[in-house]
Each structure stands twice: as C-alpha cells, then as structure tokens.
Amino acid sequence: MNCTNCPRHCFIPLGKSGFCGVRRNMKLDTENVSRIFSIAHGKNTGLAVDPIEKKPLYHFYPNSKTLSLGSIGCNLDCKFCQNFSIAHSVDDSTLIEMPPSAIVDTALRNGCQSIAFTYNEPIIWLEYAIEIAIIAHQAGLFTIAVTNGYISPEVRQKFFDHIDAANVDLKSFSDKFYREYCSAAVEPVKETLCYLAEKNKNQIKFNCNNNSIYRTWLEITTLLIPGLNDSEDEIEKLSEWIFSNLGSEIPLHFSAFRPADRMQSIPPTPSSTLFRSRDIASSKGLKYVYTGNIDDPIGQATFCPQCKQNIISRNRFNVTEYLINEDQCCNYCGQTIAGEFVTDY
Ligand code: SF4
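On a predicted model such as this, the values are computed, not experimentally measured, just so you know.

### Remarks on the site of the ligand
Phase 1: In the vicinity of the ligand, the contacting residues are Cys 3, Asn 5, Cys 6, Arg 8, His 9, Cys 10, Gly 18, Phe 19, Cys 20, Arg 23, Asn 75 and Ile 124.
Phase 2: Tallied by class, the residues present in the shell around the ligand amount to six nonpolar, four polar and two charged.

### Some points on the packing of helix α2 (residues 100-109) against helix α3 (residues 126-138)
Phase 1: Between α2 and α3, the shortest axis-to-axis distance is 9 Å and the interhelical angle comes to 50°. The pairing of α2 with α3 is recorded here as oblique in orientation. Viewed along their axes, α2 and α3 form a crossing whose handedness is right-handed. For the pair formed by α2 and α3, the contact residues are Pro 100, Ser 101, Ile 103 and Val 104 on the first element and Glu 131, Ile 132, Ile 135 and Ala 136 on the second.
Phase 2: Among the residues making up the contact of α2 with α3, the classes are represented as six nonpolar, one polar and one charged.

### Brief notes about the environment of Val 104
Phase 1: Counting through the fold element by element, Val 104 comes out in helix α2.
Phase 2: On a C-alpha basis, the gap between Val 104 and Ala 301 in space is 31 Å, while along the polypeptide they are 197 residues apart.
Phase 3: Filtering out sequence-adjacent residues up to four positions away, Val 104 remains in contact with Ile 132, Ile 135, Ala 136, Ala 139 and Leu 141.

### Focus on the sheet that holds strand β8 (residues 142-147)
In a beta sheet, neighbouring strands are held together by backbone hydrogen bonds and run either parallel or antiparallel to one another.
Phase 1: Read from one edge to the other, the open sheet built from eight strands follows the order β4-β5-β7-β8-β9-β10-β11-β12, with strand pairing classed as mixed. The two strands at the open ends of the sheet, each matched to only one other strand, are β4 (47-51) and β12 (289-292). Taking the axes of each pair of neighbouring strands and ignoring which way they run, one obtains an average angle of 25° across the sheet.
Phase 2: Bridge analysis of strand β11 (residues 252-256) against β12 gives four bridges, and the strand direction is parallel. Opposite Phe 254, over in β12, you have Thr 291 as the bridge partner.

### Remarks on the nonpolar core
Phase 1: If you look at the biggest cluster of nonpolar residues, it comprises 81 residues, and the most contacted ones within it are Ile 115, Ile 132, Ile 144, Ala 166 and Leu 252.
Phase 2: Broken down by element, this core gets its largest block of residues, six residues, from α3.
Phase 3: The contact partners of Ile 132, leaving out residues within four places of it in the chain, are Pro 100, Ile 103, Val 104 and Ile 115.
Phase 4: Counting eight residues, the second largest nonpolar core, distinct from the first, contains Cys 304, Ile 312, Val 319 and Phe 341.

### Re the sheet that holds strand β15 (residues 318-322)
Phase 1: One open sheet accounts for three strands, arranged β13-β14-β15; its pairing is antiparallel. At either margin of the open sheet sits one strand with a lone partner, and together these are β13 (302-303) and β15.
Phase 2: Here strand β14 (residues 310-315) pairs with β15 via four bridges, running antiparallel. When the sheet's bridge partners are listed, Asn 315 is paired in β15 with Asn 318.

### Considerations on the environment of Cys 307
Phase 1: As for its position among the elements, Cys 307 is in the loop between β13 and β14.
Phase 2: Assessed through the 13 C-beta atoms surrounding it within 10 Å, Cys 307 is described here as partly exposed.
Phase 3: Separated by 25 residues in sequence, Cys 307 and Tyr 332 have C-alpha atoms that sit 7.5 Å apart.

### So, the packing of helix α7 (residues 232-245) against helix α8 (residues 271-283)
Phase 1: Close contact between α7 and α8 brings their axes to 9 Å; oriented N to C, the two are set at 40°. Classified by the angle their axes make, α7 and α8 are oblique. Judged by the twist between their axes, the crossing of α7 over α8 is right-handed. Every residue of α8 that contacts α7 at Glu 232, Ile 235, Glu 236 and Ser 239 is listed here: Ser 277, Ile 280 and Ala 281.

### Considerations on the domain arrangement of the chain
Phase 1: Split by domain assignment, the chain resolves into domain 1 (42-299) and domain 2 (301-345).
Phase 2: Taking only C-alpha atoms, the centre of domain 1 and the centre of domain 2 are 22 Å apart.
Phase 3: Taken together, the contact pairs 17 residues of domain 1 with 17 residues of domain 2.
Phase 4: Considering only residue class, the side of domain 1 that touches domain 2 consists of 10 nonpolar, three polar and four charged.

Calculation criteria
Counting restarts for each chain, with residues numbered from 1 along the sequence as it is written. This being a predicted model, a pLDDT of at least 70 is required before a residue's local features are given, and a value of 80 or more before pairs of side-chain atoms are given or counted; all residues contribute to the totals for chains, interfaces and linings. Here, nearness is defined through the C-beta atom: a residue counts as near a molecule or strand if that backbone-placed atom lies within 6 Å of it. Side-chain classes are defined by residue name, with Ala, Val, Leu, Ile, Met, Phe, Trp, Tyr, Cys and Pro counting as nonpolar, Asp, Glu, Lys and Arg as charged, and the others, Gly among them, as polar. Inter-axis angles, ranging from 0 to 180 degrees, are taken between N-to-C directions of lines fitted to C-alpha atoms, where helices are fitted over the stretch in contact. By the criteria applied, helices consist of DSSP H or I runs no shorter than four residues and strands consist of E runs no shorter than two, each listed in order from the N terminus. Any angle from 65 to 115 degrees is called roughly perpendicular, while one under 35 is roughly parallel, one over 145 is roughly antiparallel, and all others are oblique. Handedness of a crossing follows from how the near helix is turned relative to the far one, being left-handed for an anticlockwise turn of less than a right angle and right-handed for a clockwise one. Note on contacts: each residue gets a C-beta atom placed from the backbone, and two residues are in contact if those atoms are within 7 Å. If DSSP finds at least two bridges between two strands, the strands pair. For our purposes the nonpolar core covers buried Ala, Val, Leu, Ile, Met, Phe, Trp, Tyr and Cys residues that link as a set through C-beta atoms within 7 Å. A residue is called partly exposed when the number of other C-beta atoms within 10 Å of its own lies between 12 and 20, exposed at 12 or fewer, and buried at 20 or more, with C-beta atoms placed from the backbone. Boundaries between domains were set according to an automatic or database domain assignment.

Shown next, in the form of structure tokens:
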C-alpha cells in the first residue's frame with residue numbers, strides 16, 4: 001500500500017512504516033482492511049503558548065497568542081534540522097495522549113486566538129491536525145500550519161481547507177540543495193507555495209467559524225546557511241520567483257542558522273548576510289521582507305510600502321508599536337497592508 005501524503009509516495013508493507021518513520025500500514029483488530037495512519041495519532045510532544053510572531057507570522061493577528069503543538073517524525077531529512085530530537089524520533093512512548101477537545105479547551109483557557117501545528121511536519125499527522133482544526137473552528141479559533149511544504153497535490157487541499165495561516169519553509173531555491181541536504185526536491189515546495197498564493201488571492205474570508213468560505217494566509221521562511229544557500233545570485237533568483245509567481249505582498253522571513261544536527265561545523269549566519277538578503281529581496285519588489293533569529297529592530301519592523309513609515313515595531317516577539325487602523329490600512333497614508341490584522345490593539 002502507498003502513502004500519498006507527500007511526494008515520496010512510499011510503498012509501505014503491512015506492519016512497516018514509510019520514510020518519515022511514523023506513518024505505518026496498520027490493521028486494527030476491529031477492521032478487516034489495513035490502512036496507513038500515524039503511530040502517533042492523538043498524541044503530541046506537549047503544548048506551549050507562544051506569541052504568533054514566533055511561528056513566524058507577522059501579518060496575521062499580530063500580538064495574539066497561539067497554542068503550539070507538534071508530534072514526531074518528518075518526511076524530510078535535513079542535515080541542519082533545528083528540531084532534531086522530535087523530527088527524527090519514532091518513539092511515541094514519551095508523547096502525551098490528548099483528545100482534540102482538550103487541546104481546544106487549553107487554547108481557550110489561555111486566551112489564544114489560534115492553534116499552531118508546528119515543531120515537526122504536520123502533513124505526516126494530518127488526521128490529528130484536521131480533527132483538532134474542526135473543533136478549533138467551531139470554538140472560534142484560527143489554525144496555523146508551520147510546514148516544509150513537501151506535500152503531494154492530492155493531499156494539499158484536504159489539509160489546507162482546515163488551515164487559516166501557514167508559514168512555509170523555502171529552504172533554498174536550488175534543487176541540488178534540496179537533494180543534497182534535505183533528501184527531497186524543491187519543485188513540490190514551489191507548487192505548494194503557488195497553490196497557497198492562489199487560494200489566498202481567490203478567497204476573502206478565513207475558515208474560523210465558517211466551513212464554506214476559506215482562505216489561507218501565507219508567509220515564507222528561508223533559513224540562510226553560510227556558504228550553502230546564501231549567495232547573492234540565489235537570493236536574487238528566489239526573490240524574483242516569489243515576486244513573479246506569488247506576488248509582492250507575501251511576507252518573506254530570512255532566518256539565521258545556528259549549528260545543529262549534522263551541521264555543527266558551519267558557523268552561525270552573520271547578521272550582514274541577513275541584512276544583505278533583505279535588501280536584495282526588497283530591491284526585487286517584495287514589500288515585506290524580514291530578518292529572524294537575530295536582534296534587528298529594523299529588519300523585524302513592518303514598513304508601509306507606500307509612505308515607508310514604520311507601522312509595526314517589534315522587540316523580538318513582542319509588538320511594541322502598532323499603527324494600522326480598523327480598515328487594515330497604514331495610519332499615516334491610508335495604504336492597505338496585506339494580511340489580517342486586529343482592530344483593537
Ligand atoms: S508522509 Fe511519510 S509515509 Fe507518507 S509518503 Fe511521505 S514520507 Fe512516506
């Protein structure tokens with residue numbers, strides 16, 4: 001039997017797992033036929049209340065709280081994985097069993113506006129994520145996916161129909177990089193980005209409390225690794241592709257690498273690389289380009305693309321100034337700012 005959740009389309013014999021280690025061909029005592037399911041279904045690594053800026057999402061309800069949860073396993077094998085202990089684990093014995101309703105209750109009790117499927121790739125535990133999302137929407141919460149975007153076309157809609165905002169990793173613009181350092185390919189990720197940009201353009205409302213009309217707000221993160229994916233040429237190509245295929249209003253976050261997993265000998269990304277990349281992407285027409293994982297109040301502020309005034313200031317994950325009016329426009333010049341913003345900050 002094949003799993004179709006991601007482009008690997010693993011063939012999985014009965015009792016075995018696919019590449020991600022957690023989707024297994026199982027036959028339950030109560031069922032006659034086998035099916036592929038996550039061995040970690042209904043379990044998570046623990047819950048955390050985070051500022052939404054930590055995902056990072058800068059244009060979707062800034063300064064709100066989100067309840068984060070993840071599971072184990074991953075459908076990529078990035079040599080620089082920043083969440084190695086869970087992404088490469090197949091041991092579900094330490095996970096916490098929690099029904100979707102308990103997760104939603106926890107989010108509500110903690111004043112969260114959303115629930116984020118994060119830490120490891122949610123597409124490998126999409127059944128649990130969807131069950132949580134359905135109850136979350138009924139309770140008036142939004143849902144967020146932090147994903148590598150390595151998702152098969154047949155599962156994209158099924159998953160993102162339940163997701164209000166996504167941050168998708170575009171780990172590099174080079175297929176060679178994806179093959180060499182992630183055991184994957186870039187094209188399916190680009191297809192996911194195009195799918196989401198289109199969905200975002202064509203729908204006007206988010207799914208919260210409304211199961212028929214939906215939209216998924218999109219932001220992109222690129223982790224810059226010194227010497228591997230941070231050349232001026234690659235940043236130019238990546239930015240030009242986003243501008244031409246996704247539009248100028250999709251926020252792009254350049255994030256600093258820290259030595260991790262099998263890349264301990266590569267130094268952290270210098271701030272100058274992040275500043276330079278932000279400048280390049282802005283010069284290619286992208287309106288909202290940010291730096292992450294470093295202290296950089298300028299690179300983490302939102303500037304009005306029209307009058308160039310600073311309209312959202314951030315200090316790490318905290319919003320310290322907010323100058324967007326109730327029509328989602330710049331307080332200074334009235335320019336509409338892309339995204340979904342609170343009106344009563
Ligand atoms: S989700 Fe896992 S089992 Fe399914 S195709 Fe991808 S790697 Fe294979």
